[in-house]
Amino acid sequence: MKVEKLITYLREERWPSIWCAGCGNGIVLKAFLQAIDDLKLNRERIAVVSGIGCSSRATGYIDFNTLHTLHGRAIAFATGVKLARPDFHVAVLGGDGDILAIGGNHFIHACRRNIDITIIIFNNMIYGMTGGQNSPTTPLEKRASTTPYGNIEKPFDTVKLAIAAGATYVARATVYHYPLLVKYITKALQHKGTAVVEAVTNCHTYYGRYNNIANPADMLEYFKKNSIMLEKAKTMSEEELKDKIIIGEFHQEIRPDYLELYREVVAKALEEE
Ligand SMILES: Cc1ncc(C[n+]2csc(CCOP(=O)(O)OP(=O)(O)O)c2C)c(N)n1
Ligand code: SF4
């Protein structure tokens, strides 16, 4: 099925999915498909890998080369795919739980290696599929099924984590900022090296309901009101930025990716033989 046809299906809400009505996952998936369409990529040369979670179900809804794998292990599988098929665009789609909790180790090491894959984190700040437990990105004081009195664990800042670990393209937007999401995913797909796009999205069913924003439209409104572009954020104090979502492109760097370095050492070793 052609990408344009998939987009039409999503637009006309004819797409059968397990996602709750109004879930932001559809917006992130559409942005991903839009970016692929804009870049006119051949879907036969794209591999999309996911783990387990509501967001990870995305691979089940697209007619690409897809791998729906184990919870937390998508990046490990994606690394294997990239090594076997360096000519492929390899993308990982998954949740904050999948990629940053159980899969956190794979995440930091992919960034460190600068393996040429695109990682799109559907950050809904909660474990959706299993009933709303807190995740590594649940903000302080917010409620989840496992933090009924408010979260006391300091959350990861995905962007800072990715940059510190070595990712060479890092951006964040929310599902309210659809054109930005498309733009950042487009740039991530074009980038050579580990590219991370954090897509802040709504799980109104759990995160929203526990935190008194149970309507998906209200969650979009929340993202609109609380997001600050990086350039503006740089002029604001830490106190002013409390509870704000900073969006933008945070890091772009040209550094040889894993396969380039690998080919170089192998070629050198063969020369010396
Ligand atoms: C090894 C293993 N541990 C735990 C689970 C249960 N499990 C399935 S999805 C999930 C978390 C989902 O949260 P997230 O990755 O943030 O995705 P979301 O559903 O919010 O999109 C968990 C803990 C599992 N399937 N496999
Ligand atoms: S439980 Fe949350 S993340 Fe899962 S489909 Fe529903 S709204 Fe989306």
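Residues numbered from 1 in each chain as written. Chains lettered and ligands numbered in written order. Predicted model: local features only at pLDDT ≥ 70, side-chain atom pairs only at ≥ 80, totals over all residues. Heavy atoms only, no water.

As annotated in an unreviewed UniProt entry, the chain carries the name 2-oxoglutarate ferredoxin oxidoreductase, beta subunit and is attributed to Pseudothermotoga thermarum DSM 5069.

## Re helix α11 (residues 258-272)
Taking 1.5 Å of rise per residue, 15 residues should cover 21 Å, and α11 covers 21 Å from first to last C-alpha, within 8% of that figure. Capping of α11 at its N-terminal end is provided by Asp257; its side-chain oxygen lies 3.1 Å from the backbone amide nitrogen of Leu259. (Helix = DSSP H or I, 4+ residues; strand = E, 2+ residues; numbered from the N terminus. Expected span 1.5 Å × (residues − 1). Polar contact = N/O pair within 3.5 Å; in protein donor to acceptor, adjacent residues only side chain to side chain.)

## What to know about the site of ligand 1
In the vicinity of ligand 1 there are 16 residues, among which Cys54, Ser55, Gly97, Asp98 and Gly128 approach most closely. The backbone of Cys54 places a nitrogen or oxygen atom 2.8 Å from an oxygen atom of ligand 1. For ligand 1, whose unbound accessible area comes to 590 Å², protein coverage reaches 72%. Elements represented by at least two residues in the shell around ligand 1 include exactly α4 (96-102) and β5 (126-127). With 4 residues, the top contributor of residues to the shell around ligand 1 is α4. Partitioned by chemical class, the residues of the shell around ligand 1 number 6 nonpolar, 8 polar and 2 charged. (Near = heavy atom within 4 Å. Areas by Shrake-Rupley, 256 points an atom, 1.4 Å probe, with all protein chains shown as cover. Nonpolar A, V, L, I, M, F, W, Y, C, P; charged D, E, K, R; others polar.)

## Describing the UniProt feature "domain: Thiamine pyrophosphate enzyme TPP-binding" (unreviewed entry) in the chain
UniProt records the feature "domain: Thiamine pyrophosphate enzyme TPP-binding" (unreviewed entry) at residues 52-198, using the numbering of this structure. Taken end to end, residues 52-198 has its terminal C-alpha atoms 17 Å apart, with 33% of it in helix and 21% in strand. (UniProt positions renumbered as here; feature names shortened; annotations may be inferred.)

## As for the nonpolar core
Counting 44 residues, the largest nonpolar core has Leu29, Phe32, Phe64, Leu93, Leu181 and Ile185 as its most contacted members. Other than its neighbours up to four places away in sequence, Ile185 contacts Val28, Ala31, Phe32, Ala35, Ile120 and Val197. Judged by nonpolar contacts, the second largest core, of 24 residues, contains Ala74, Ala78, Cys111 and Ile115. (Core = buried A, V, L, I, M, F, W, Y, C linked by side-chain atoms within 4.5 Å. Buried < 20%, exposed > 50% of the residue type's maximum accessible area, 1.4 Å probe, protein only. Contact = heavy atoms within 4.5 Å.)

## Observations concerning the packing of helix α2 (residues 25-38) against helix α7 (residues 178-190)
Interaxial distance between α2 and α7 falls to 8 Å at its minimum, and their mutual angle equals 50°. As judged from the angle between their axes, α2 and α7 are oblique. As α2 packs across α7, the resulting crossing turns out to be right-handed. Of α7, the residues touching α2 (which contributes Ile27, Val28, Lys30, Ala31, Phe32, Gln34, Ala35, Ile36 and Asp38) are Tyr178, Leu181, Val182, Ile185, Thr186 and Leu189. For the contact of α2 with α7, the residue count by class is 11 nonpolar, 2 polar and 2 charged. (Axes fitted to C-alpha atoms, helices over the stretch in contact; angles between N-to-C directions. Parallel < 35°, antiparallel > 145°, perpendicular 65-115°, else oblique. Left-handed = near helix turned anticlockwise from the far one by under 90°.)

## A closer look at the site of ligand 2
Every residue lining ligand 2 is accounted for by Trp19, Cys20, Cys23, Cys54, Asn124, Cys203, His204, Thr205 and Tyr206. Its residues assigned to classes, the shell around ligand 2 comprises 6 nonpolar, 3 polar and no charged.

## Regarding the sheet that holds strand β3 (residues 89-95)
Spatially, the 8 strands line up as an open sheet ordered β2-β1-β3-β4-β8-β7-β10-β9, and their pairing is mixed. Strands at the two margins of the open sheet, each flanked by one partner only, are β2 (65-68) and β9 (227-229). Averaged over all pairs of adjacent strands, the angle between strand axes in this sheet comes to 20°, irrespective of strand direction. In the sheet, strand β1 (residues 46-50) pairs with β3 via 5 bridges, with the strands oriented parallel. Bridge pairing in β3 places Val48 opposite Ala91. Here helix α6 (residues 158-165) sits on the sheet and contacts β4 (118-123), β7 (169-174), β8 (195-200) and β10 (245-252); the angle it forms with β7, its principal contact strand, is near 170°. (Pairing = 2+ DSSP bridges.)

## Brief notes about a nonpolar patch on the surface
A grouping of Tyr262, Val265, Val266 and Leu270 is seen on the molecular surface, where their side chains present a nonpolar patch of about 380 Å² in accessible area. Tracing the backbone shows Tyr262 in helix α11. Judged by its relative accessible area of 47%, Tyr262 is partly exposed. (Patch = residues over 30% accessible without salt bridge, like charges linked within 9 Å, V, L, I, M, F, W, Y side chains within 5 Å. Salt bridge = Lys/Arg side-chain N within 4 Å of Asp/Glu carboxyl O.)

## Things to note about the confidence of the model for the chain
Averaged over every residue, the pLDDT of the chain is 95; the share at 70 or more is 95%. The weakest mean pLDDT in the chain belongs to helix α1 (residues 3-11) at 66; the strongest belongs to β8 at 99. (pLDDT = per-residue confidence, 0-100.)

## Side note on the pattern of salt bridges
Counting across every chain of the model gives 11 salt bridges. One salt bridge connects Glu198 with Arg172, and the closest N-O pair in it is separated by 2.8 Å. Taken together, the residues span a long stretch of sequence, with Glu198 in strand β8 and Arg172 in strand β7 at a distance of 26 residues. Classification of Arg172 as buried rests on a relative accessible area of 8%. The network of salt bridges with common partners includes Lys82, Asp116, Lys192 and Asp257.

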